[in-house]
Amino acid sequence: MSDQIDLSKMEKKIIIRQVDEKDIDEIVELSKTCFPNMEPWTRAHLKSHINIFPEGQFCVEYDGRIIGASSSLIIDFNEYEDRHTFDEITDRGYITNHDPEGKHLYGISIMVHPDFRRLHIGTRIYEKRKELAQRMNLKSFLVGGRIPNYHNHAHEMSASEYVQQVIDQKIYDPVLSFQLLNGFKLKWVNPDYLADDKASLKYAVLLEWSNVDYLPRSKRLYLRAFPVRICAVQYMLKKIDTFEDFASQCEYFVDVAAIDNSDFVLFPETLTFQLLSFLGESVPSLQVRRLAEYTEEYIKLFSMLAVKYNVNIIGGSHFVEEDELLYNVSYLFRRDGTIGRQYKLHITPDEKTWWAVQPGDELEIFDTDCGKIAILICYDIQFPELSRIAADRGARIIFTPFCTDDRQGYLRVRYCAQARAVENEIYTVISGTVGNLTHVPRSDTMYAQSGIFSPSDYTFARDGIVGECSANIETIVMGDVDLEILRRHRTTGTVTQLKDRRKDLYHITENPGQ
């Protein structure tokens, strides 16, 4: 491998955006595919949606193709009968009854192409509409949900009984079960809601998601919290026989993190060292170059996992060969399908001696859907200048994948990560490998106790530790950090290190290339 991999050729980006008029024909066809036995949207309907309330019409574009879409309007629900119909609540589908001064967002349609229903597209659309309700300071988000499996049970129970069975998880309904998982609560069951919905026997359930930040007297939305859930994986290096074994072990942890709605998953440094289990190479300098041969497979795997499980993944680090030189690189796999990378900037003596690893030249700050982050690989966290630059450039979380072979090495990483959290008023996260590859020459023992750290003050976790693993076992640590509390702390904390710096005495100057 002689050239740097062009990540743009491997990205299949998921974009959620407002619907444009040029999208109408594609969305009409999508509605025919998603609802084959019902009347599809027409061009006139969709054009009316865009003209009247463009902010409420979303589509999902994946690899240049529209695979999902939704339509919404704003209403004052008090003006409608509880047992309303679809035509009444949407003015026959044209939403000309949209009320900009209303208090409720009403979702009238959501559709995802059948070939892409395992990519959490529906959840992403719902989250976008919840964000819209919060941004516009609306009291709640209402939907009239179909119950398409009811026709299979209508001979033995009423619609209300069926809905209760779904709520109790005794029956699965592909629409209602999904909406309940997305935080909606049942209000009541509506008969004769949608005339052409034969599968639901015309029934629908009115569901509501309440905006807890709603302020009745103001259209201004005050941000009260910005929670971010982080999962750090303490990964066991154990013998495997194929790349598929490696992929299976990694996917297990991503799945676990996604089940609990994590926003980030952090894997350890040199994660792919495990592949040496089956490569049969004993010369250290050749070992890592053999690993570099798996770069494309590694990138494709984690990019797929990030999109499939709807979580941002810092994929530990991996050895990459570029122009015959070897680098230790950590990749950020965003859940929208885009990819970023951070080269290790400070190389340890062992990395130079045994593997001839070269240092990178630039500190990257990554934009994510949870704010700006930075990645400092193992040794890099021990150089305070990097974290200060990252904080000054807007990073609020620093992720540190590490690999250490003894307690002393581990504590260097941990103590420095905690110091960086305090002195820069940020969150830091560390993730290390455990276990041994006893059959791989030059494979060290591993020591790790992964953790999530905060500044040290009353508003944060005791001891500045959000969470930590037990040492030297395969497990995870998961914790919530709050970026809004962090923002307030920088102004009103017991001490305010960033604000109180003596810039008249000292400052950090970045190189011109930074």
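Residues numbered from 1 in each chain as written. Predicted model: local features only at pLDDT ≥ 70, side-chain atom pairs only at ≥ 80, totals over all residues. Heavy atoms only, no water.

Caption draft 1: Geometry of the layout of surface pockets. A volume near 610 Å³ is recorded for the second largest pocket. Looking at the second largest pocket, it is lined by 27 residues, and the ones nearest its centre are T348, D350, C403, D405 and D444. Breaking the lining of the second largest pocket down by element, the ones donating at least two residues are α11 (349–355) and α13 (407–424). Broken down by element, the residue count for the lining of the second largest pocket peaks at five residues, all from α11. (1 Å grid on protein atoms, 1.4 Å probe; cavity = no way out; pocket = protein on both sides within 12 Å on 5 of 7 lines; lining within 4 Å. Points joined across faces, edges and corners; volume = space filled by probe spheres on them. Helix = DSSP H or I, 4+ residues; strand = E, 2+ residues; numbered from the N terminus.)

Caption draft 2: Expanded view of the pairing of strand β18 (residues 427–435). Burial of β18 is extensive: nine of the nine residues sit out of reach of the surface. Neither face of β18 is exposed, since Y427, V429, S431, T433 and G435 on one face and T428, I430, G432 and V434 on the opposite face are all buried. In terms of strand pairing, strand β8 (residues 227–237) meets β18 through three bridges, oriented parallel. Within β18, the position partnered with L237 by the bridge is G435. By the bridge criterion, six bridges tie strand β17 (residues 397–402) to β18 in an arrangement that is parallel. What sits directly across from F399, in β18, is V429. Note that the unit made of β17, α13 and β18 has a crossover that is right-handed. Examined bridge by bridge, β18 and strand β19 (residues 451–453) share three bridges and lie antiparallel to one another. Paired with T428 across the strands is F453, a residue of β19. (Buried < 20%, exposed > 50% of the residue type's maximum accessible area, 1.4 Å probe, protein only. Pairing = 2+ DSSP bridges. Right-handed = clockwise from strand over helix to strand, strands pointing away.)

Caption draft 3: Representation of the packing of aromatic side chains in the model. According to the stated counting rule, one finds 30 aromatic pairs in the structure shown. Aromatic side chains Y62 and F116 sit 5.8 Å apart centroid to centroid with 80° between the ring planes, which places their arrangement in the edge-to-face category. Taken together, the residues span a long stretch of sequence, with Y62 in strand β2 (residues 58–62) and F116 in the loop between β4 (104–112) and α4 (121–135) at a distance of 54 residues. Take Y62 and F116: they sit in the same class, and that class is buried. An aromatic cluster is built from Y235, Y252, F253, F267, Y298, F302, Y331 and F333, whose rings are joined through pairwise contacts. (Phe/Tyr/Trp six-rings, centres within 6.5 Å; stacked < 30°, edge-to-face > 60°.)

Caption draft 4: Up close: the sheet that holds strand β6 (residues 185–190). If you walk across this open sheet you meet the seven strands as β1-β2-β3-β4-β5-β7-β6, and the pairing is mixed. Of all the strands in the sheet, the pair left with one neighbour each is β1 (14–18) and β6. Sheet twist, expressed as the average angle between the axes of neighbouring strands with direction ignored, equals 25°. Here β1 runs beside β2; their pairing, made up of five bridges, is antiparallel. Of the residues in β2, the one forming a bridge with I15 is E61. Against the sheet, α4 touches β1, β2, β3 (65–75), β4, β5 (140–145) and β7 (204–210), its axis set at about 160° to β4. The sheet strands contacting helix α5 (residues 159–167) are β6 and β7, and the helix crosses β6 at an angle near 160°. (Axes fitted to C-alpha atoms, helices over the stretch in contact; angles between N-to-C directions. Contact = heavy atoms within 4.5 Å.)

Caption draft 5: Local environment of empty space enclosed by the protein. Going through the model one piece at a time under the given rule, you end up with one cavity of 30 Å³ or more. Estimates place the volume of the largest cavity at around 70 Å³. Grouping the constituent residues of the lining of the largest cavity by class yields seven nonpolar, five polar and no charged. (Nonpolar A, V, L, I, M, F, W, Y, C, P; charged D, E, K, R; others polar.)

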